[in-house]
Amino acid sequence: MTLAPEAGPTTGRELKIVRGACPHDCPDTCAMLYHVVDGKLVDVKGDPDHPMTKGGLCVKLKNFPEHHYQADRVLHPLRRVGPKGAGEFVRITWDEALAEIKQRWTEIIDVYGPQAIMPHAYLGHQGVLNGLTSGDAFFNRLGATVAEKTYCESGSSTAWHMTVGPTGGLDIESMAYSKYIIVWGMNMTSTNLHGWPFLLKARKENGATIVVIDPVRTRTARQADWHIPIRPGTDGALAMGMIHEIIAQGLVDTDYVEKYTVGYEELAERAAKYPPERVEEITGVPADDVRKLAREYATTQPAAIRQGVAIERSRGGGQAIRAITCLPALVGAWRYVGGGTMEMPIWEFPTLFDKICKPEWIPEGTRVVNELELGRALTGELALDPPIKSLFVYNSNPVSQGPEQAKTMAGLMREDLFTVVSEHFITDTARFADLVLPATMQAEQLDIMVTWGHLYISLNQPAIEPPGECVPNSELFRRLAKTMGFTDDYWDRTDEEMLRDFHDWNHPALKGITYDSLKETGWARLNVGLPHERAPHKEGNFPTPSGKCEFTSSLAERGNFVVPVWRSMYDEFQPGEPIDPLPDYVPPLESPDTNPGLAKKYPLNIVSPKPHAFLNSQYGNASDKQEVQGEQRVWIHPDDAAERGIATGDVVKVFNDRGSFTGPAVVEDIVIKGVVMANVGHWQNKASGNTVNVITSGEHNTLGKAGVYSDNLVDVAKVEDPAIAS
């Protein structure tokens with residue numbers, strides 16, 4: 001839309017407002033209005049009419065226009081001229097960059113085959129065209145190694161599918177009608193800001209109780225009616241204890257269970273092993289609190305559970321999500337508007353991932369390498385045949401966000417590894433690249449946004465021209481396809497044609513919604529029931545093999561699996577390990593109970609939650625966001641600090657056998673005794689060198705190959721060396 005001239009800085013000049021949507025890996029996916037004057041982005045505001053966004057944007061999006069024009073942005077293709085890791089580059093042309101890629105890849109394929117090339121991507125962008133799956137078709141056509149993208153949500157997705165199937169579940173807006181709300185493993189006011197008002201509305205209008213279960217007294221926990229601190233990685237024991245008490249106290253909705261679930265008798269037998277006293281020993285949650293939580297949850301309907309991704313980040317996280325997801329059916333919470341549980345409603349969107357990814361192009365027998373094992377793959381620890389000889393990174397910053405940081409950096413230092421990174425800035429990963437390719441930002445590209453937090457489809461329309469020689473991922477892979485000699489018509493389409501082809505516009509969820517209507521409105525709610533009436537499983541209708549909530553999962557028969565969207569829609573070479581069809585508590589990999597020798601050496605558990613002012617590592621190089629987020633700090637409980645002679649402000653080293661990082665200590669009881677906290681997302685050159693994932697294990701959750709970012713033991717020591725401390 002174009003508006004008449006306004007007063008203020010744009011006086012006398014035409015202001016154009018273009019509809020867009022936030023690109024970030026966040027459940028809110030805000031609707032945005034780009035303000036453009038003379039071809040320049042001058043402001044970005046939240047759409048006041050969007051029921052989630054309501055005109056507001058989070059701190060991460062403050063100064064979004066300035067972010068597009070940041071001085072250190074990559075605007076042209078770059079070639080490395082210094083040592084790997086030094087971040088020294090010279091400008092080259094696109095033709096030169098593409099010619100070098102073709103030469104190097106052709107040589108690699110001739111000697112080792114195409115599986116010696118591996119892509120590495122995640123959700124640095126959340127669009128259909130330019131996000132998680134944007135390069136899948138190209139790399140599938142190339143015959144490259146299939147990358148299993150399990151940074152986040154994969155364990156949750158597997159557990160969710162095993163229990164209730166690919167359903168959107170509880171709508172965040174429907175939580176305004178809830179009367180009892182558990183926020184489990186999520187700091188909503190930092191990572192789901194626009195969802196939080198619906199909970200506050202429920203408290204104000206319905207007298208709802210808000211409970212937060214989290215090892216840390218977060219911003220969200222401080223606003224709750226009841227904060228339940230819990231030892232990291234023990235959520236499954238608490239959920240099983242709740243099931244035990246719901247059964248023991250006679251609070252089961254037997255009618256719902258008999259009609260719409262399978263496996264109740266087996267679940268009851270399993271839960272009998274978790275009386276509150278045992279749960280207290282495991283979790284640190286007092287037995288009486290376990291009883292109270294179970295009773296209040298079961299008897300205060302409609303009851304809602306907002307599950308956070310943090311639950312999956314230990315060895316038993318997937319089974320914990322299984323147990324939590326069983327709770328609403330056990331008490332009949334699904335009967336009600338505002339009842340049930342929410343994990344990730346992406347499954348309601350009729351996105352045609354097979355058409356996007358083209359899994360039929362994957363050559364038979366193509367291997368799968370998990371992205372969380374990148375360091376192991378590059379250093380030879382996985383003994384891959386053929387070895388990885390080229391890495392192509394986009395939408396991801398694995399040095400910062402992946403586990404085993406030291407191994408990943410060691411692998412990237414290999415002189416025989418040809419690394420290409422598509423980026424906005426020279427990130428911790430891009431510093432190791434042989435070539436860096438310039439990528440567009442959101443105001444410069446077309447896309448439909450995937451959301452994992454609400455039920456609105458959003459169209460992002462380009463508001464300004466890309467600066468320099470930046471291109472969106474869609475164009476990047478068109479150029480690569482042409483460079484490699486692919487003649488398939490897949491890449492002959494425009495971005496708009498692709499977006500039209502990548503959605504089932506005849507699906508009931510999109511009834512009355514078209515691509516053209518989105519160009520006018522910017523966004524639309526899926527036709528899956530309005531917030532005040534949506535109760536998708538009031539009478540069962542779960543999209544599971546049985547059509548019921550499966551306490552005993554039939555999908556367990558196939559063994560462990562990663563939902564195909566996280567692996568290019570490829571279903572071969574699934575992990576396949578035997579998995580328990582019933583939910584249970586699976587102890588952490590690193591704890592006094594499972595590894596007492598390690599715990600004696602490293603007695604503290606570390607959690608590394610998402611930062612408030614960064615989006616993972618995005619904005620970690622922006623001075624205004626650094627000012628809000630602060631340094632890479634280490635929170636430690638007063639008792640643990642006293643034992644180590646640590647005071648607030650002291651520079652401390654956090655370490656284990658995998659590595660160490662340093663930062664100023666914050667001595668506060670917001671963390672429970674035995675737990676330390678350091679936010680993920682800080683950049684190495686903005687911190688003190690290594691960052692928190694240097695201590696993180698590359699092992700996996702027992703479901704869905706998720707990472708174990710909260711399942712790591714460390715110790716903390718005061719840094720006495722004045723040079724390091726300064």
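Please refer to the structure higher up on the page.
Residues numbered from 1 in each chain as written. Predicted model: local features only at pLDDT ≥ 70, side-chain atom pairs only at ≥ 80, totals over all residues. Heavy atoms only, no water.

**A word on the overall build of the chain**
Thought 1: Helices and strands together make up the secondary structure of the chain, namely 24 helices and 28 strands.
Thought 2: Here the C-alpha radius of gyration of the chain, 25 Å, is about what a compact globule of 726 residues would show, namely 27 Å.
Thought 3: With respect to the principal axes defined by its C-alpha atoms, the chain has extents near 70 × 65 × 60 Å.
Thought 4: Per-residue burial over the chain gives 63% buried out of 726 residues.
Thought 5: In the chain, the share of contacts with a sequence separation of at least 24, taken over all contacts with a separation of at least 6, comes to 75%.
Thought 6: Charged side chains in the chain number 70 positive and 95 negative. The centres of these two groups are separated by 2 Å. (Helix = DSSP H or I, 4+ residues; strand = E, 2+ residues; numbered from the N terminus. Rg over C-alpha atoms; globule rule 2.2 N^0.38 Å. Buried < 20%, exposed > 50% of the residue type's maximum accessible area, 1.4 Å probe, protein only. Contact = heavy atoms within 4.5 Å. Lys, Arg positive; Asp, Glu negative; His and termini not counted. Charge placed at Lys NZ, Arg CZ, Asp CG, Glu CD.)

**Topic: the packing of aromatic side chains**
Thought 1: A full pass over the atoms with the stated rule returns 24 aromatic pairs.
Thought 2: Considering the side-chain rings of Tyr394 and Phe477, the 5.1 Å spacing of their centres and the 70° angle between planes classify their relative orientation as edge-to-face. With a gap of 83 residues between them, Tyr394 in strand 16 (residues 390-394) and Phe477 in helix 18 (residues 473-483) connect regions that are remote in the sequence.
Thought 3: For Phe477, a relative accessible area of 1% puts it in the buried group.
Thought 4: One aromatic cluster is present, formed by Trp105, Phe138, Phe139, Trp361, Phe392, Tyr394, Phe477, Phe486, Tyr490, Trp491 and Phe502 through successive ring pairs.
Thought 5: Sitting over the face of the ring of Tyr490, Arg493 holds its NZ or CZ atom 4.8 Å from the ring centroid. (Phe/Tyr/Trp six-rings, centres within 6.5 Å; stacked < 30°, edge-to-face > 60°. Lys NZ or Arg CZ within 6 Å of the ring centre and 35° of its normal.)

**Here we look at helix 13 (residues 317-331)**
Helical geometry note: an α-helix holds 3.6 residues per turn, so side chains three or four residues apart project in the same direction.
Thought 1: Taking 1.5 Å of rise per residue, the 15 residues of helix 13 would be expected to cover 21 Å, and the 22 Å separating its terminal C-alpha atoms lies within 8% of that figure.
Thought 2: Among the 15 residues of helix 13, 15 are classified as buried, and the element is accordingly described as predominantly covered.
Thought 3: At the C-terminal side of helix 13, Gly332 shows a positive phi close to 75°. (Expected span 1.5 Å × (residues − 1).)

**Some thoughts on unusual backbone geometry**
Thought 1: Cis geometry marks the peptide bond from Gln301 to Pro302; its omega dihedral reads 0°.
Thought 2: Within the secondary structure, Pro302 is located in the loop between helix 12 (287-299) and strand 13 (303-307).
Thought 3: Pro386 follows Asp385 through a cis peptide bond whose omega is 5°.
Thought 4: Positionally, Pro386 belongs in the loop between helix 15 (374-379) and strand 16.
Thought 5: Non-glycine residue Ala383 carries a positive phi angle of around 50°.
Thought 6: Looking at where Ala383 falls in the secondary structure, it is placed in the loop between helix 15 and strand 16.

**A closer look at helix 4 (residues 154-163)**
Thought 1: Within helix 4, 10 of the 10 residues are buried, which leaves the element mostly enclosed by the surrounding structure.
Thought 2: Residues of helix 4 that are buried include every one of Ser154, Gly155, Ser156, Ser157, Thr158, Ala159, Trp160, His161, Met162 and Thr163, and no others.
Thought 3: On the buried face of helix 4, the contacting elements are strand 13, helix 13, strand 14 (340-342) and strand 22 (549-550).

**A word on the pattern of salt bridges**
Thought 1: On inspection of all chains with the given rule, the structure shows 50 salt bridges.
Thought 2: The closest approach of N and O atoms between Lys673 and Glu643, which form a salt bridge, is 3.2 Å. Of the two residues, Lys673 is situated in the loop between strand 26 (659-667) and strand 27 (675-677) and Glu643 in helix 23 (residues 638-643); the sequence distance between them amounts to 30 residues.
Thought 3: Residue classification places Lys673 among the partly exposed residues on the basis of a relative accessible area of 44%.
Thought 4: When the shortest N-O distance is used, the salt bridge between Asp715 and Arg644 registers 2.9 Å. Of the two residues, Asp715 is situated in strand 28 (residues 713-718) and Arg644 in the loop between helix 23 and strand 25 (651-656); the sequence distance between them amounts to 71 residues.
Thought 5: Three or more residues are tied together by salt bridges with common partners; here these are Arg376, Glu381, Glu404, Lys407 and Glu699. (Salt bridge = Lys/Arg side-chain N within 4 Å of Asp/Glu carboxyl O.)

**Some words on the environment of Val42**
Thought 1: Structurally, Val42 can be placed in strand 4 (residues 40-46).
Thought 2: In this structure, the C-alpha to C-alpha distance between Val42 and Leu15, residues 27 residues apart in sequence, is 9.4 Å.
Thought 3: Among residues more than four places away in sequence, those in contact with Val42 are His35, Val36, Val37 and Pro65.

**A short note on the sheet that holds strand 21 (residues 523-525)**
Thought 1: Sheet architecture is open: 3 strands sit in the order 19-20-21, paired in antiparallel fashion. Each of the sheet's edge strands pairs with one partner strand only, and the pair in question is strand 19 (447-449) and strand 21. Going from strand to strand, the sheet's axes swing by 15° on average, the running direction of each strand aside. (Pairing = 2+ DSSP bridges. Axes fitted to C-alpha atoms, helices over the stretch in contact; angles between N-to-C directions.)

**Quick notes on the state of the cysteines**
Thought 1: Using the criterion set out here, one finds 0 disulfides in the structure.
Thought 2: Here Cys30 is not disulfide-linked; the sulfur of Cys22 is the nearest cysteine sulfur, at 6.0 Å.
Thought 3: Judged by its relative accessible area of 6%, Cys30 falls in the buried class.
Thought 4: Cys326 provides the cysteine sulfur closest to Cys549, a residue in no disulfide bond, and the two sulfurs are 5.2 Å apart. (Disulfide = S-S within 2.5 Å.)

**Considerations on empty space enclosed by the protein**
Thought 1: Going through the model one piece at a time under the given rule, you end up with 7 cavities of 30 Å³ or more.
Thought 2: What the largest cavity holds in volume is close to 680 Å³.
Thought 3: Secondary structure elements with two or more residues in the lining of the largest cavity: helix 1 (64-68) and strand 17 (418-423).
Thought 4: Looking at the lining of the largest cavity residue by residue, the classes come out as 17 nonpolar, 22 polar and 4 charged.
Thought 5: In this structure, the second largest cavity is lined by 19 residues; those nearest its centre are Leu123, Leu132, Ile346, Val450 and Trp566.
Thought 6: Looking at side-chain class alone, the lining of the second largest cavity contains 13 nonpolar, 4 polar and 2 charged residues. (1 Å grid on protein atoms, 1.4 Å probe; cavity = no way out; pocket = protein on both sides within 12 Å on 5 of 7 lines; lining within 4 Å. Points joined across faces, edges and corners; volume = space filled by probe spheres on them. Nonpolar A, V, L, I, M, F, W, Y, C, P; charged D, E, K, R; others polar.)

**Some points on the sheet that holds strand 11 (residues 226-228)**
Thought 1: As summarised here, the arrangement of the 5 strands in space is 11-10-9-13-14, forming an open sheet in which the pairing is parallel. Of all the strands in the sheet, the pair left with one neighbour each is strand 11 and strand 14. Mean inter-strand twist for the sheet, computed between neighbouring axes without regard to direction, equals 20°.
Thought 2: Two strands pair when backbone bridges link them, and strand 9 (residues 180-184) and strand 10 (residues 209-213) are joined in this way by 5 bridges, in the parallel orientation. Residue pairing across strands places Ile182 opposite Val211, the latter belonging to strand 10.

**Re the packing of helix 2 (residues 94-112) against helix 18**
Thought 1: Put simply, helix 2 and helix 18 touch, their axes get as near as 10 Å, and they point 55° apart. With respect to each other, helix 2 and helix 18 are oriented oblique. The way helix 2 lies across helix 18 gives a crossing that is right-handed. Residues Trp94, Leu98, Ile101 and Lys102 of helix 2 touch helix 18, and the partners they reach there are Leu476, Arg479, Leu480 and Thr483.
Thought 2: Grouping the amino acids of the contact of helix 2 with helix 18 by side-chain chemistry returns 5 nonpolar, 1 polar and 2 charged. (Parallel < 35°, antiparallel > 145°, perpendicular 65-115°, else oblique. Left-handed = near helix turned anticlockwise from the far one by under 90°.)

**Quick word on the side chain of Asn187**
Thought 1: Residue placement: Asn187 occurs in the loop between strand 9 and helix 5 (188-191).
Thought 2: By relative accessible area, Asn187 is classed as buried at 18%.
Thought 3: Polar contacts involving the side chain of Asn187 include one to the side chain of Thr220, which spans 2.6 Å.
Thought 4: Ignoring any residue separated from it by four or fewer positions in sequence, one finds Asn187 in contact with Asn192, Thr218, Arg219 and Thr220. (Polar contact = N/O pair within 3.5 Å; in protein donor to acceptor, adjacent residues only side chain to side chain.)

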